[in-house]
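Single-letter residue listing:
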Amino acid sequence: MEVVLKVTSRSLHALAMAQPSKAEIQSMTKEPIEVLDDLANQVADEFEAYRQPDEFKDVSLVIENSDEERPTLIVHVDREDAEALADRIDEFLREHGARTERERHSATDVRVLATVD
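Residues numbered from 1 in each chain as written. Predicted model: local features only at pLDDT ≥ 70, side-chain atom pairs only at ≥ 80, totals over all residues. Heavy atoms only, no water.

Visitor: I'd like a rundown of the nonpolar core, residues and numbers included.
Guide: In terms of nonpolar packing, the biggest core is built from 22 residues, with Leu73, Ile89 and Leu93 touching the most fellow members. Looking at this core element by element, the count peaks at 6 residues for helix H4 (residues 82-95). Ignoring anything within four residues of it in the chain, the contact list for Leu73 reads Leu36, Leu39, Ala40, Leu61, Val62, Ile63, Leu93, Val112, Leu113 and Ala114. (Core = buried A, V, L, I, M, F, W, Y, C linked by side-chain atoms within 4.5 Å. Buried < 20%, exposed > 50% of the residue type's maximum accessible area, 1.4 Å probe, protein only. Helix = DSSP H or I, 4+ residues; strand = E, 2+ residues; numbered from the N terminus. Contact = heavy atoms within 4.5 Å.)

Visitor: Before we move on, can you summarise the pairing of strand E3 (residues 99-106) with the specific residues and values?
Guide: For a regular strand, the rule is simple: side chains alternate between the two faces of the sheet. Here E3 pairs with strand E4 (residues 109-115) via 7 bridges, running antiparallel. Bridging across to E4, Glu103 finds its partner in Arg111. Between E3 and E4, which pair antiparallel one after the other, the connecting turn spans 2 residues. (Pairing = 2+ DSSP bridges.)

Visitor: Pulling in residues and values, what's your account of the side chain of Asp109?
Guide: Its place among the elements puts Asp109 in strand E4. Judged by its relative accessible area of 15%, Asp109 is buried. Polar side-chain contacts of Asp109 include one of 2.7 Å to the side chain of His76. Beyond its immediate sequence surroundings of up to four residues, Asp109 is in contact with His76, Val77, Ala82, Glu103 and Arg104. (Polar contact = N/O pair within 3.5 Å; in protein donor to acceptor, adjacent residues only side chain to side chain.)

Visitor: Tell me about the sheet that holds strand E1 (residues 59-64), residues and numbers included.
Guide: Spatially, the 4 strands line up as an open sheet ordered E1-E2-E4-E3, and their pairing is antiparallel. Edge positions in the open sheet fall to E1 and E3, since each of these has one partner strand only. For this sheet, the mean angle separating the axes of adjacent strands, direction not counted, is 20°. This element, helix H3 (residues 32-46), spans E1, strand E2 (72-78) and E4 of the sheet and lies at about 175° to E1. (Axes fitted to C-alpha atoms, helices over the stretch in contact; angles between N-to-C directions.)

Visitor: How would you sum up a negative patch on the surface? Please name residues and give values.
Guide: Negative charge collects at one region of the surface, where Asp45, Glu46, Glu48, Glu91 and Glu95 lie side by side. Counting only elements with at least two residues in the negative patch, the list comes to H3 and H4. Within the secondary structure, Asp45 is located in helix H3. (Patch = residues over 30% accessible without salt bridge, like charges linked within 9 Å, V, L, I, M, F, W, Y side chains within 5 Å. Areas by Shrake-Rupley, 256 points an atom, 1.4 Å probe, with all protein chains shown as cover. Salt bridge = Lys/Arg side-chain N within 4 Å of Asp/Glu carboxyl O. Lys, Arg positive; Asp, Glu negative; His and termini not counted. Charge placed at Lys NZ, Arg CZ, Asp CG, Glu CD.)

Pasting the structure below:
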């Protein structure tokens, strides 16, 4: 069986123009802890309204790095509609290249765990 691959200049142009995403570039050039630190700053900026300095924070951020191979950004949501806000945060983290998991401790206490390679 003979397989012939036809490559046109259009397909070569598409390959040449393919650019890695920001998250891919970060993961290639930075350690996971640095990427998570940057990601935590982006979450803090994006969800600033839930992190007022003089009030109880609805959204808290912690980087757990006891396992140096697999540090984790923990976004703790503690409020009445925790699940809805956790959904938004989860989506934001995934859009920025993180893998996420959830821990639900109660209807008002949800944690989104984010890791990167």
